[in-house]
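Chain by chain, the residues:
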Amino acid sequence: MATTKKAFPTIPTGTKVTWRYRSAIGHGTVTGVHRIGTTADNTMYSVRQHDHHPGEPAIVHHTGKALRV
């Protein structure tokens, strides 16, 4: 018997999001899905940071559970 994965909604590309980072809050825009999970919460998203500092990557990866729309 073959199994099929159920589709689930992910955070759309272009959505502005925030996330907790140590004692600060990061801000960015979703650029796409980095790795698909089984739910929107455990899917990894690529996010372009709006306020990254020198030495930090411009694109970071976070789970949907860590992101706030």
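Below, the structure is looked at part by part. Here the structure is a predicted model, which means the values were calculated and not measured. (Residues numbered from 1 in each chain as written. Predicted model: local features only at pLDDT ≥ 70, side-chain atom pairs only at ≥ 80, totals over all residues. Heavy atoms only, no water.)

Here the focus is the sheet that holds strand S4 (residues 59-63). Paired through backbone hydrogen bonds, the strands of a sheet run either parallel or antiparallel to each other. In space, the four strands of this open sheet follow the order S1-S2-S3-S4, with antiparallel pairing throughout. Looking at strand neighbours, the two that pair on one side only are strand S1 (16-21) and S4, the edges of this open sheet. Adjacent strand axes in the sheet meet at a mean angle of 50°, parallel and antiparallel pairs treated alike. Of the pairings in the sheet, the one linking strand S2 (residues 24-35) to strand S3 (residues 44-49) comprises six bridges and is antiparallel in character. Within the sheet, the bridge partner assigned to Val33 lies in S3 and is Tyr45. (Pairing = 2+ DSSP bridges. Helix = DSSP H or I, 4+ residues; strand = E, 2+ residues; numbered from the N terminus. Axes fitted to C-alpha atoms, helices over the stretch in contact; angles between N-to-C directions.)

Turning our attention to the pairing of S1. One ladder, built from six bridges, connects S1 with S2; its direction is antiparallel. Pairing of Trp19 across the sheet is with Gly26, part of S2. The turn joining S1 and S2, which pair antiparallel and follow one another in sequence, is formed by two residues; a positive phi near 55° is taken by Arg22.

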